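Chains, contacts and geometry: an overview
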Amino acid sequence: MTNSINEIEHSQVILVSGSNTVKTHPQVARRIFDAVDSGASLIVIDPRRSPLARHADVHLSIRSGSDIPLLNGMMRVILDENLADDAFVEMRTENYHALRDMLYRLDMDEIVALTGVSLDKISRAAKLYARAQNSVVCYCLGITQHICGTDNVQAIANLAMLTGNVEKENTGVDPLRGQNNVQGACDMGALPGVFPGYQSVADPEVRHRFERAWQVSLPKTAGLTVTEMTHAASDNPIKGMFVMGENPMLSDPALGLVRESFANLEFLAVADIFLSETAAVADVVFPAATFAEKEGTFTNTERRVQLVRQAIAPVGESRSDLDIITALSEKLGYPMPYASAAEVMEEIALLTPIYAGIFYDRLAPWGLQWPCFDREHGGTPFLHKYNFARGKGRFVPTSHKPPSEPTDAEYPFVLITGRSYHQYHTGTMSRKTPVFNRECPEGLLEIHPLDAKTYNIRAREMVRLSSRRGSIKVKVTLTKTVNPGSLFTTFHFAEAAVNELTVAARDPQAKCPELKVCAAKIEKLET
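Parameters at a glance
- Residues numbered from 1 in each chain as written.
- Predicted model: local features only at pLDDT ≥ 70, side-chain atom pairs only at ≥ 80, totals over all residues.
- Heavy atoms only, no water.
- Core = buried A, V, L, I, M, F, W, Y, C linked by side-chain atoms within 4.5 Å.
- Buried < 20%, exposed > 50% of the residue type's maximum accessible area, 1.4 Å probe, protein only.
- Helix = DSSP H or I, 4+ residues; strand = E, 2+ residues; numbered from the N terminus.
- Contact = heavy atoms within 4.5 Å.
- Expected span 1.5 Å × (residues − 1).
- Arc of directions from axis to C-beta.
- Pairing = 2+ DSSP bridges.
- Axes fitted to C-alpha atoms, helices over the stretch in contact; angles between N-to-C directions.
- Domains from an automatic or database assignment.
- Parallel < 35°, antiparallel > 145°, perpendicular 65-115°, else oblique.
- Left-handed = near helix turned anticlockwise from the far one by under 90°.
- Nonpolar A, V, L, I, M, F, W, Y, C, P; charged D, E, K, R; others polar.
- Polar contact = N/O pair within 3.5 Å; in protein donor to acceptor, adjacent residues only side chain to side chain.

**Structural notes on the nonpolar core**
L15, I43, L60, M74, I78, L159 and L162 are the most contacted members of the largest nonpolar core, which totals 47 residues. Per-element accounting of this core gives the leading share, 8 residues, to helix 3 (residues 67–80). Ignoring sequence-local partners within four residues, the contact set of L159 consists of L15, L71, M74, M75, I78 and Y129. One finds F491, V498, L501 and A520 within the second-largest nonpolar core, a separate group that totals 20 residues.

**Some thoughts on helix 2 (residues 26–37)**
Over its 12 residues, helix 2 runs 16 Å from end to end, which matches the ideal 16 Å to within 8%, given 1.5 Å per residue. Residues A29, I32 and V36 constitute the buried set of helix 2. One face of helix 2 carries all of its buried residues, which in axial projection span an arc of 60 degrees. Turned more than 90 degrees from where helix 2 packs its buried face, Q27, R31 and D37 sit exposed. Looking at the buried positions of helix 2, the neighbouring elements they touch are strand 1 (12–17), helix 1 (21–24) and strand 2 (41–45). Just downstream of helix 2, G39 is the residue with a positive phi angle, here 115 degrees.

**Observations regarding the sheet that holds strand 1**
Pairing between sheet strands relies on hydrogen bonds along the backbone, with the strands arranged either parallel or antiparallel. Across the sheet, which stays open at both edges, the 5 strands sit in the order 3-2-1-5-6 with parallel pairing between neighbours. Of all the strands in the sheet, the pair left with one neighbour each is strand 3 (58–60) and strand 6 (172–175). For this sheet, the mean angle separating the axes of adjacent strands, direction not counted, is 15 degrees. As judged from the 6 bridges shared by strand 1 and strand 5 (residues 134–139), these two strands associate in the parallel manner. Considered in strand 5, the bridge of L15 is made with V137.

**Here's the deal with the domain arrangement of the protein**
Parsing the protein into structural domains produces domain 1 (5–176), domain 2 (182–369) and domain 3 (413–524). Here domain 1 and domain 2 have C-alpha centroids that lie 34 Å from each other.

**Overview of the packing of helix 3 against helix 9 (residues 149–162)**
Contact geometry of helix 3 with helix 9 gives a least axis separation of 9 Å together with a crossing angle of 15 degrees. Taken together, the axes of helix 3 and helix 9 lie roughly parallel to each other. The element helix 3 and its partner helix 9 pack so that their crossing is left-handed. Counting all contacts with helix 3, which are made through D67, I68, L71, M74, M75, I78 and L79, the residues of helix 9 involved are D151, N152, A155, I156, N158, L159 and L162. The residue inventory of the contact of helix 3 with helix 9, partitioned by class, reads 10 nonpolar, 2 polar and 2 charged.

**Some remarks on helix 15 (residues 321–331)**
For helix 15, the set of buried residues is I324, T326 and S329. Elements in contact with the buried residues of helix 15: strand 9 (240–244), strand 10 (267–272) and strand 11 (284–287).

**Considering the side chain of S19**
Structurally, S19 can be placed in the loop between strand 1 and helix 1. Given the relative accessible area of 2%, S19 is considered buried. For S19, the side chain forms a polar contact with the side chain of T21, separated by 2.8 Å. Residue contacts for S19: discarding those within four places in its chain leaves T24, H25, D46, C140 and L176.

If you want it as C-alpha cells, here you go:
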C-alpha cells in the first residue's frame, strides 16, 4: 500500500505516535483506516509493531524514550530538503532561529544510534509528512508518560509549526485522551494550577472573579498532582483524600509508594460504581451512579461538549457525582443548592470564557466544540486559524533526555506497559463483563521469540518478571510485535499488577509518570 512521495504530494498524511490506536481508541482507528482507504498515507511511530503499524506506509520502530531525537531528525531532513513552510514560520511563529540552529548542530548518525531507526526511514517519513497538503499528528500516552513528556509534545508542536500544519482543517496536533471525559475534567479545573477554562489560580483578576461567585477565599498557588500525593509516602502532607472514579491502588506507578501513602492517610473516602482495589481500603465508600443513571456532559478529545441524558434511575443507594459532591459539601458547611446539572453548566458559562456560549439547550444533537464565546457562536471545529492563544507560536528547541532507569546486565530488558482491546484501565468495569473476560482473561507478557529462546521459555509458561522495585508472576506470549530486548504487558490485572514494577520518576513540568519505560528481568520458574 506504500505510495511514492510524489504520488501523495497533495494528499493527507496521518502521523500517529505513542498510540496503539486500534486497541485503545478503536473508533479513532476506524476513521484512520477509512482515511487510508480513501488515499491518505500513514506514518506510525511505535516501539512495537502494533496493528496500526502493520498498515503504515512508514513504521518508525524507535527505542522507547527516543521520540525527541527522531522528531528532531525529521525536522533536520525537512530543513535540508527545503520543505519548511517559510511563510507560516515568518508570519505566525517566533524563536525559529533557535530551533534552526539546534537542528543544524545535530549529528544524524547519533540520531540513528539513539532511535534505532535508519536514516532512510527517517528521511522517508519526514518527506511524506512535509510534502503532503495536509498532515495531522495524533499522539497518546506513549508520548506523555515519559520524564520528557512535555518536551515530547513540544517537539511534535515544533514539527507541525515548521511545516505549517496548524491553521487548516485536517491538520494540527491531536492528543488522544486516556479515558472518557479526561478533556472535560481538565476543562473544569481538575488540574492543580488552574480554575475552569485553564484560568490560572495565580492570576488575581481570575481568582477574584471566582471568589465573588463562590463567596469564598481561594488559594493563590497550585496544589499537588496525583502522583505527588500518592507517592509522598510517610512525608505525605495530605491527611485526607476523596477519590472519585479512580483506582490508584492499581493504576499508579510504583505501587509500593502508593500503598505507603494511603496507609499514612488519616481518612480516605472513595466514590465508585464498583468496589475497586482503592475502595477496598477506604474508610467510607459512596456508591456512585453510572453514566446511564445521571445527566451531565462529556467533552471528548476534539473539545466537543456532548449531552448525557439519564436513561434509568440510580440503582439501589447509588447517587450521581453531582449529588454526592453537593451533599458532602453541605455537610462540610458550604451549601451548593444547584437544582440540576443544567444549572451548573450555566455557572460554567458565566465564569469560563471558552464555555461562555455552551448551554444545555444548545447541545442537541451533536454538541458544541469550545471555544464557544456566546450564545450566537457556533463553536470552533479547529484551533489556531488566525492566531495562537499566546499570539505567535513559539518554537522551543528540545534535546534528548534518556529514560530515568537504564537497562544493565542484571535488568537487561526494557519493559513497556499499555492496554489491551478487550479490557479497560484497571478492569473495574470490564472484568465484570463475561464476553471481555472470555476474550482476555489474564495478563500476558509479550516477549520476542529470540529472547524466549535465550531464556528457554515456551509460550504460556509462567515467569517471574522483576524490576528494582518488586516482582510479579505472569504468563508469556511469544510475538514479533515487540523487538528483541523489549517486553510488553498490560496493567488491567490485579493478580499480575505490573505497576508493582514501574518507576516513580515523572516529567518535571507536567508531573506525568514515566509508565512507558523501566528496566526489567525475567526468570523461568521451576516446575
